[in-house]
Amino acid sequence: GVVDIVSMLGSIESVDIACDFETGFINLYTWPGDVLGYLGMDLENAIFKDLPVRQALAIGFNREAARMESVERYGEVPNSLAFDSFGAAYGTMLGELYPYDPARAAQCLEEAGWVLHDDGLRYRDEQELFFTFYYNSPNPILDVIVSRMQRDYKDLGIGMLVERVSFEELTDLVERNACDMYFQARRLPASALMGANLFVGEGNLNQSGYDSDRLSLDLRRADYETDPARQTVLLEGLYQDLYMELPFIPLYRRSEMLLVNARVFNVMVTYSHSVLSDAYRFLLKDTLEGQW
């Protein structure tokens, strides 16, 4: 067509359609995106205050299967909470700390006092383990993921009601701390220090509401540190602790992709800057006439 360069998030349909034209017509580039999709929680809610419950919600939901059912090979389940914009990860030594393990999830819930009753539901002090999950709709990818969530949590004895709302309604609910659990996606900045402010501390970037004296102190120390190597060590420790605490559950990191018409030459695709910054280098070839 008349469009030479298109950038978008990868999906099964869009990439596979593009691949049909890849030979001779389109050059296709894909890489891990810098948007983190996650499950946020009301940490003041008695259900989510307990770390074993948050761990159970992470390992009792088959996030890898949900990824395969929704975005397939064009996304991944993050093993860390922080990335810079170009793919480097902090805390990679954590590995797959929260793999799908329903038996272990059930054990975590038992340890937190949530006992499975004959009706297939869990209770603690006569309170049912039940919460409402909110996400913005329409969203065909989340529709698939949420269906898997409900099935997996039901198998554990967890009740989950789904509320589909507009993006504006969801934003308002999150800002008012009026959601039990919800889905959000955040674009992670190139600065690992700025990225930490998305998830911890008292700044306005932290929408989760999670904070602790220890992590806030680590964040301030990293902010004031002038030695890059020492700052990196502080940030790695902070992100590892944050991942261990699970104030929210990483869900997916979708791939970004760039489609470039084969008639465009001298395109340099890197993670470190916009491809359009090289626009002055581009050469266009008229494929019909064979002329530059």
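Definitions and cut-offs
Residues numbered from 1 in each chain as written. Predicted model: local features only at pLDDT ≥ 70, side-chain atom pairs only at ≥ 80, totals over all residues. Heavy atoms only, no water. Axes fitted to C-alpha atoms, helices over the stretch in contact; angles between N-to-C directions. Helix = DSSP H or I, 4+ residues; strand = E, 2+ residues; numbered from the N terminus. Parallel < 35°, antiparallel > 145°, perpendicular 65-115°, else oblique. Left-handed = near helix turned anticlockwise from the far one by under 90°. Contact = heavy atoms within 4.5 Å. Nonpolar A, V, L, I, M, F, W, Y, C, P; charged D, E, K, R; others polar. Pairing = 2+ DSSP bridges. Right-handed = clockwise from strand over helix to strand, strands pointing away. Expected span 1.5 Å × (residues − 1). Buried < 20%, exposed > 50% of the residue type's maximum accessible area, 1.4 Å probe, protein only. Arc of directions from axis to C-beta. Core = buried A, V, L, I, M, F, W, Y, C linked by side-chain atoms within 4.5 Å. Salt bridge = Lys/Arg side-chain N within 4 Å of Asp/Glu carboxyl O.

**Student:** I would appreciate a short explanation of the packing of helix α4 (residues 51-59) against helix α6 (residues 102-111) in the present structure.
**Tutor:** When two helices pack together, their arrangement is given by the angle between the helix axes and the distance between those axes. The geometry of α4 relative to α6 is characterised by a closest axis approach of 8 Å and an angle of 160° between their N-to-C directions. Here α4 lies roughly antiparallel to α6, going by the angle between them. For the pair α4 and α6, the sense of crossing is left-handed. On α6, the residues that touch P52, V53, Q55, A56 and I59 of α4 are P102, R104, A105, C108 and L109. The residue inventory of the contact of α4 with α6, partitioned by class, reads eight nonpolar, one polar and one charged.

**Student:** Looking at this structure, I do not really get the sheet that holds strand β6 (residues 127-128). What am I missing?
**Tutor:** Note: strands within a sheet are paired through backbone hydrogen bonds, in either parallel or antiparallel orientation. In space, the three strands of this open sheet follow the order β4-β5-β6, with antiparallel pairing throughout. Strand pairing shows two members of the sheet lacking a second neighbour, β4 (115-116) and β6, which therefore form its edges. Bridge analysis of β4 against strand β5 (residues 122-124) gives two bridges, and the strand direction is antiparallel. Note that in β5 the partner of V115 across the bridge is Y123.

**Student:** Hey, could you run me through the pairing of strand β8 (residues 159-165) in this one?
**Tutor:** Two faces make up the sheet, and in a regular strand the side chains alternate between them. Judged from the seven bridges that link them, strand β7 (residues 130-136) and β8 form a sheet pairing that is parallel. Residue pairing across strands places F133 opposite V162, the latter belonging to β8. In this fold, β7 hands off to helix α7 (residues 140-155), which returns the chain to β8; that crossover is right-handed.

**Student:** I tried to follow helix α11 (residues 228-245) on my own but got confused; where do I start?
**Tutor:** An α-helical segment advances 3.6 residues per turn. Residues three or four places apart therefore align on the same side. For α11, with 18 residues, the first-to-last C-alpha span of 26 Å sits near the 26 Å given by 1.5 Å per residue. Along α11, the residues that are buried comprise L234, L235, L238, Y239, L242 and Y243. Along the axis of α11, the buried residues cluster in a sector spanning 170°; they form a single face. What points out from α11, more than 90 degrees from its buried face, is the exposed set A229, R230 and V233. Looking at the buried positions of α11, the neighbouring elements they touch are α9 (192-196), α10 (213-224) and β10 (248-261).

**Student:** What am I meant to see in the nonpolar core here?
**Tutor:** Considering soluble globular proteins, one finds that nonpolar side chains tend to be buried as a cluster. Judged by nonpolar contacts, the single largest core of 67 residues is most densely connected at L39, L57, F133, I145, M149, Y153 and M181. Discounting residues that sit within four places of it in the chain, I145 has contacts with F61, A66, S70, L251 and Y252. Counting five residues, the second largest nonpolar core, distinct from the first, contains W31, L258, V260 and V264.

**Student:** Just checking my understanding: could you explain the pattern of salt bridges for this structure?
**Tutor:** Once the charged atoms of two side chains with opposite charge are near each other, the side chains can pair. Overall, the coordinates contain 13 salt bridges when judged by the stated rule. A salt bridge links R148 to E69, with the nearest nitrogen and oxygen atoms 2.5 Å apart. With R148 in helix α7 and E69 in helix α5 (residues 63-70), this residue pair connects regions lying 79 residues apart in the sequence. R148 sits in the buried class, given a relative accessible area of 16%. One salt-bridge network, held together by shared partners, links E69, R148 and D152.

**Student:** Is there a simple way to think about the environment of L156 in this case?
**Tutor:** Tracing the backbone through its elements, the reader meets L156 in the loop between α7 and β8. If we ignore the near neighbours within four places in the chain, the residues touching L156 are A56, G60, P102, A105, A106, L109, L116 and R122.

**Student:** Can you help me understand α6 in this one?
**Tutor:** Residues of α6 that are buried include every one of A105, A106, C108 and L109, and no others. Take α6 and look down its axis: the buried residues cluster within an arc of 155°, on one side only. When the buried face of α6 is taken as reference, the exposed residues oriented beyond 90 degrees from it are A103 and E111. Turning to α6, the residues buried within the fold contact α4 and β5. G113 sits one or two residues past α6 and shows a positive phi near 95°.

**Student:** Can you walk me through the environment of G120 in this structure?
**Tutor:** Relative to the helices and strands, G120 is located in the loop between β4 and β5. The class of G120 is partly exposed, set by a relative accessible area of 33%. Along the primary structure G120 and D155 are separated by 35 residues, whereas in three dimensions their C-alpha atoms are 8.2 Å apart. Beyond its immediate chain neighbours, meaning those up to four positions away, G120 contacts K154 and G157.

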